[in-house]
Amino acid sequence: MAKHICCTGGAGYIGSHTVVKLLESGYKVSIMDNLINASEKVLPRLKELTGKEANVCAHKKCFAAVDKLFAEQKFDGIIHFAGLKVGT
Ligand SMILES: O=c1ccn([C@@H]2O[C@H](COP(=O)(O)OP(=O)(O)O[C@H]3O[C@H](CO)[C@H](O)[C@H](O)[C@H]3O)[C@@H](O)[C@H]2O)c(=O)[nH]1
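Residues numbered from 1 in each chain as written. Predicted model: local features only at pLDDT ≥ 70, side-chain atom pairs only at ≥ 80, totals over all residues. Heavy atoms only, no water.

- Labelled according to an unreviewed UniProt entry, the protein chain appears under the name UDP-glucose 4-epimerase, originating from Symbiodinium pilosum.

Listed below in structure tokens is the structure:
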């Protein structure tokens, strides 16, 4: 059975490229991203690029959606890309 990876920040720059590679490599992928610095348009592009569908939790600061994701899904690993840069 395919390993299941949760990718936080998976709609962002590095995260979305990682999701593409994971899907192409045969992993099952869940994306958790609050879209604070990403566009929803990225999400359908991931399927267009890979022909495979990620499970998406674009939670927009809805913590209940995050709780639901973790209650319903079992993950083999989590890759954490959800973060904001601080300007200098
Ligand atoms: O609390 C948070 C904070 C952020 N995010 C999400 O995390 C993702 C982070 O991705 P970013 O694209 O913001 O950051 P990256 O580090 O992937 O990429 C950034 O750094 C790169 C170089 O390291 C390039 O400069 C790129 O253009 C720039 O966006 C975003 O989708 C954002 O919505 C959350 O889900 N929750």
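## Some remarks on the overall build of the protein chain
Right, on to step 1. Looking only at helices and strands, the protein chain features three helices and four strands.
Right, on to step 2. Secondary structure elements of the protein chain, listed N to C terminal, follow the sequence β-α-β-α-β-α-β.
Right, on to step 3. Dimensions along the principal axes, computed over C-alpha positions, put the protein chain at roughly 45 × 30 × 20 Å.
Right, on to step 4. Per-residue burial over the protein chain gives 34% buried out of 88 residues.
Right, on to step 5. Considering only contacts within the protein chain whose residues lie at least 6 apart along the sequence, 69% involve residues at least 24 apart. (Helix = DSSP H or I, 4+ residues; strand = E, 2+ residues; numbered from the N terminus. Buried < 20%, exposed > 50% of the residue type's maximum accessible area, 1.4 Å probe, protein only. Contact = heavy atoms within 4.5 Å.)

## Side note on the packing of helix α1 (residues 13-24) against helix α2 (residues 42-50)
Right, on to step 1. At a minimum axis separation of 10 Å, α1 and α2 run at an interaxial angle of 35°. Between α1 and α2 lies a crossing of right-handed hand. Packed against α1, whose contacting residues are S16, V19, V20, L23 and E24, the element α2 presents V42, L46, L49 and T50 at the interface.
Right, on to step 2. Here the residues of the contact of α1 with α2 sort into six nonpolar, two polar and one charged. (Axes fitted to C-alpha atoms, helices over the stretch in contact; angles between N-to-C directions. Left-handed = near helix turned anticlockwise from the far one by under 90°. Nonpolar A, V, L, I, M, F, W, Y, C, P; charged D, E, K, R; others polar.)

## Looking at unusual backbone geometry
Right, on to step 1. Non-glycine residue L35 carries a positive phi angle of around 60°.
Right, on to step 2. Residue placement: L35 occurs in the loop between β2 (28-32) and α2.
Right, on to step 3. Looking at L35, the relative accessible area reads 13%, which means it is buried.

## A few points about the environment of I31
Right, on to step 1. When you line up the elements, I31 lands in strand β2.
Right, on to step 2. Discounting residues that sit within four places of it in the chain, I31 has contacts with C7, G10, A11, V19, L43, L46, A54, N55, V56 and C57.

## Observations regarding the pattern of salt bridges
Right, on to step 1. Evaluated as defined, the whole model comprises four salt bridges.
Right, on to step 2. Residue K21 pairs with E24 through a salt bridge whose shortest N-O separation is 3.7 Å. Of this pair, K21 and E24 both sit in helix α1, three residues apart, roughly one helical turn.
Right, on to step 3. In this structure E24 comes out as partly exposed when scored by relative accessible area, which is 44%.
Right, on to step 4. Notably, a salt bridge pairs K47 with E53, separated by 3.5 Å at the nearest N-O pair.
Right, on to step 5. For K47, a relative accessible area of 40% corresponds to the partly exposed category.
Right, on to step 6. Note on E53: relative accessible area 59%, which makes it exposed. (Salt bridge = Lys/Arg side-chain N within 4 Å of Asp/Glu carboxyl O.)

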